[in-house]
Amino acid sequence: MAFALLRTCGRQALPLFERQLKVLSSTLAFTAESSAAVEKPPSQDGLQIGGPFGKRFLSTSIRKHAKKTAAPERAYDSDDDSDSDDERDRTPRRQRKERGNSEFWRRKMRTLHGVMDVNKDGVISYDDFMLLTEKFASLGHLDAKAKNEFRDIMRTTWEQQWGEITPYNLVTVEQYLAEMHHVVNDKDLKKKVHRFLPYLYKAVDKDRSGSISLHEFKLFFRCLGLTEENAAVSFAVIDKNGDGQITLDEFVKLGKDFFVSEKETHVSRMFWGPLVEH
């Protein structure tokens, strides 16, 4: 009877023992795999990551898709029509072409030097800056506040670009070319090269309409010491859409493009009148 009881209990305990044995075997197998994973060197095809049971690996394909795509480098095109911040190309920075080396660009700067040399003595002085300011103040239509602001801008421009205000601080053509070459290749200075242009525009926008006509553009040239015939020719070139009007934005952009563009066909070449021959 005791034997029968023992056999009956043993049969009932056997399934439980087998289940416990399977669990123990699975645990030992998992531990062995984890140990092997810890000892295994990082694979070239995967990324090693940590975990609660050792180190595992993330496939290279997953890493590639997880990487954020780098944005292409933005750079300006040295031969573009303009150097506005939103007009850039894909040229790497190390391949950017320096501005201001073409003979055409130098010709434009010599033209502007002649315009800024108001008293026509062959050099630009602070007196020339003030004479030009007074011409626009007297012939133009600036109110008292705008006149004072214009004088301050011209004074600041002279001091920052040419230095102290003395009768002996004179800028020759070659000095002007060298300085403007530096300006158009300097990111910060280039942004300031056209800051006086809005005051020239306001001075000739007689009716305050926000755009200037050929008649008002002739006044602009007269303030520069140029002829009305020159004004008519230049206006015909720079008025690209042929509407007979130039807005403030167009005026400022054309004036800036004159400094930075090296395209001989660009309309801004006529902004300061006919170019000198040499």
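Starting from 1, residues in each chain are numbered consecutively following that chain's sequence as written. At least 70 in pLDDT is required for a residue's local features to be given in this predicted model, at least 80 for side-chain atom pairs to be given and counted, and no such filter applies to totals for whole chains, interfaces and linings, which use all residues. Here the side-chain values reflect all heavy atoms present in the structure, with hydrogen atoms and water set aside.

Points about the overall build of the chain
Right, on to step 1. Secondary structure elements are taken from DSSP: a helix is a run of H or I of four residues or more, a strand is a run of E of two residues or more, and numbering for both begins at the N terminus. Scanning the chain for helices and strands turns up 11 helices and four strands.
Right, on to step 2. The buried label goes to any residue with under 20% of its type's maximum accessible area, the exposed label to any with over 50%, and the partly exposed label to all in between, with areas taken from a 1.4 Å probe on protein chains only. For the chain, buried positions account for 36% of its 278 residues.
Right, on to step 3. Only heavy atoms matter for contacts: two residues are in contact if any of them lie within 4.5 Å across the pair. Put simply, 53% of the contacts in the chain that link residues at least 6 apart link residues at least 24 apart.
Right, on to step 4. Each accessible area is a Shrake-Rupley result for a 1.4 Å probe, and residues are judged covered by the shown protein chains and nothing else. Carbon and sulfur atoms form 55% of the exposed surface of the chain, whose accessible area is close to 17,200 Å².

Some remarks on the UniProt feature "domain: EF-hand" (unreviewed entry) in the chain
Right, on to step 1. UniProt positions are given in the numbering used here, feature names are shortened, and annotations may be inferred rather than shown by experiment. Mapped onto this numbering, the UniProt entry gives "domain: EF-hand" (unreviewed entry) at residues 226-261.
Right, on to step 2. Counted over residues 226-261, helix gives 67% and strand 6%. Its end C-alpha atoms are 23 Å apart.

What to know about the nonpolar core
Right, on to step 1. Counting 55 residues, the largest nonpolar core has Phe136, Phe220 and Trp272 as its most contacted members.
Right, on to step 2. Among the elements of the structure, α3 (103-116), α4 (126-139), α5 (144-162), α6 (173-184), α8 (197-204), α9 (214-223), α10 (228-238) and α11 (248-260) are those that each provide at least two residues to this core.
Right, on to step 3. Residue contacts for Phe136: discarding those within four places in its chain leaves His141, Leu142, Phe150, Leu200, Ala203, Val204, Phe220, Cys223 and Leu224. In this text, buried Ala, Val, Leu, Ile, Met, Phe, Trp, Tyr and Cys residues form a nonpolar core when linked through side-chain atoms within 4.5 Å.

Topic: unusual backbone geometry
Right, on to step 1. The residue Lys120 is not glycine, and still its phi comes out positive at about 55 degrees.
Right, on to step 2. For Lys120, the location among the structural elements is in the loop between α3 and α4.
Right, on to step 3. Lys120 gets classed as exposed once you look at its relative accessible area, which sits at 56%.
Right, on to step 4. Although it is not a glycine, Arg208 sits at a positive phi angle of roughly 55 degrees.
Right, on to step 5. Tracing the chain through its elements places Arg208 in the loop between α8 and β3 (211-212).

Quick word on α3
Right, on to step 1. Along its 14 residues, α3 runs 20 Å from first to last C-alpha, staying within 8% of the 20 Å computed at 1.5 Å per residue.
Right, on to step 2. Counting buried positions over the 14 residues of α3 gives 10, a clear majority of the element.
Right, on to step 3. Within the sequence span of α3, burial applies to Phe104, Trp105, Lys108, Met109, Arg110, Thr111, Leu112, His113, Val115 and Met116.
Right, on to step 4. In this structure, the buried side of α3 is in contact with α4, α6 and α11. Each residue after the first adds 1.5 Å to the expected span of a helix.

Re the packing of α8 against α11
Right, on to step 1. To obtain each axis, a line is fitted to C-alpha atoms, and for helices this fit is confined to the stretch in contact; angles are then taken between N-to-C directions over 0 to 180 degrees. For the pair α8 and α11, the least separation of the axes is 9 Å and the interaxial angle reads 135 degrees. In terms of orientation, α8 and α11 fall into the oblique class. The interaxial crossing formed by α8 with α11 has right-handed handedness. Listed contacts from α11 to Leu197, Pro198, Leu200 and Tyr201 of α8 are Leu248, Phe251, Val252, Gly255 and Lys256.
Right, on to step 2. Residues are grouped as follows: nonpolar covers Ala, Val, Leu, Ile, Met, Phe, Trp, Tyr, Cys and Pro; charged covers Asp, Glu, Lys and Arg; every other residue, Gly included, is treated as polar. Taken together, the residues of the contact of α8 with α11 break down into seven nonpolar, one polar and one charged. The cut-offs work like this: below 35 degrees is roughly parallel, past 145 is roughly antiparallel, 65 to 115 is roughly perpendicular, and the gaps in between are oblique. Crossings are assigned a handedness: left-handed for a near helix turned anticlockwise from the far helix by less than a right angle, right-handed for a clockwise turn.

Regarding the environment of Pro198
Right, on to step 1. Residue placement: Pro198 occurs in helix α8.
Right, on to step 2. Measuring from C-alpha to C-alpha, the distance between Pro198 and Leu248 comes to 7.1 Å, with 50 residues separating the pair along the chain.
Right, on to step 3. Sequence-distant contacts of Pro198, defined by excluding residues within four places in its chain, comprise Leu248 and Val252.

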